[in-house]
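One letter stands for each residue in the lines below.
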Amino acid sequence: MERIVWLDESLVGNFDGTTEKLIKNGKFLEIIMNLKNSQRLPNMNDLEFSKGNIKTEDYNGYDLFKVVGRYLIETKTQEELLKYINDKSKVINDGNTILEVSLRYFLKKYNLK
C-alpha cells in the first residue's frame, strides 16, 4: 500500500505520546497560534520526505502532523478512524483541506482569536 505521509506521520506523533506532552506543557497552543498566523502553509498531500519539504523556513511539517493527528483522534471514534485510514481516496481528498479544518477546530475549542 502506498504511504500517505501526512496521515502516517500525523498518527505516529499522536500515538507515541509526543502531542500529549505538548498539550500538557502549553506548547501545542503555541503551535496552533503560530500556524494560525502563517500565510504559507502547504497542502498536506504535497508533503513528502523525498521532496525535502517536511521542514521549511515557512513551517515545520512535524507541527502540522501533530495538529492534524490530534484533530483526527479527537473527532473520530476508534472505529471511524480505522475506517478512515483504509479509505485512501477520502484521505487524499481530505489532505487538501484537513490542515485548515484542524486549525479551525482547535481555534474554536480553545477559544483562540
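This one's a predicted model, so the numbers in the text were calculated from it and none came from an experiment. Each chain has its residues counted from 1, following the order in which its sequence is written. In keeping with the model being predicted, local features are shown solely for residues with a pLDDT of at least 70 and side-chain atom pairs are shown and tallied solely at 80 or more, while totals for entire chains, interfaces and linings include all residues. Side-chain calculation: all heavy atoms of the structure are included, whereas hydrogens and water are not.

Visitor: Teacher, can you tell me more about the nonpolar core here?
Guide: Within soluble globular proteins, side chains that are nonpolar tend to cluster in buried spots. The term nonpolar core refers to a set of buried residues drawn from Ala, Val, Leu, Ile, Met, Phe, Trp, Tyr and Cys, joined through side-chain atoms within 4.5 Å. Under the scheme applied here, a residue whose accessible area is under 20% of the maximum for its type counts as buried, over 50% as exposed, and between as partly exposed, the area being computed with a 1.4 Å probe on protein chains only. Counting 28 residues, the largest nonpolar core has Trp6, Leu7, Met44, Val67, Leu72 and Ile98 as the members making the most contacts within it. Put simply, DSSP H or I for four residues or longer makes a helix, DSSP E for two residues or longer makes a strand, and each gets a number counted from the N terminus. Those elements that provide at least two residues to this core are helix H1 (5–15), helix H3 (27–36), helix H4 (61–75), helix H5 (78–85) and helix H7 (98–109). Considering each element in turn, this core owes the most residues, six residues, to H4. Excluding residues within four positions of it along the chain, methionine 44 makes contact with Trp6, Leu64, Phe65, Val68, Gly95, Ile98 and Leu99. Here a residue-residue contact requires only that any non-hydrogen atoms of the pair lie within 4.5 Å.

Visitor: Can you help me understand the packing of aromatic side chains in this one?
Guide: The relation between two aromatic rings is expressed through the spacing of the ring centres and the mutual angle of the planes. Note on ring pairs: Phe, Tyr and Trp rings are taken, using the six-membered ring of Trp, and paired if centres are within 6.5 Å. Classes follow the plane angle, with under 30 degrees stacked, over 60 edge-to-face and the rest tilted. Evaluation of the coordinates by the stated rule reveals five aromatic pairs. Summarising the aromatic geometry, the rings of phenylalanine 28 and phenylalanine 106 are spaced 5.1 Å apart at their centres and angled 80 degrees between planes, so their arrangement reads as edge-to-face. Taken together, the residues phenylalanine 28 in helix H3 and phenylalanine 106 in helix H7 connect sequence positions 78 residues apart. Given the relative accessible area of 1%, phenylalanine 28 is considered buried. Exposure remark for phenylalanine 106: the relative accessible area of 0% places this residue in the buried category. With centroids separated by 4.8 Å and ring planes inclined at 80 degrees, the aromatic side chains of tyrosine 105 and phenylalanine 106 adopt a geometry described as edge-to-face. What links up through ring pairs into an aromatic cluster is the set Phe28, Tyr71, Tyr105, Phe106 and Tyr110.

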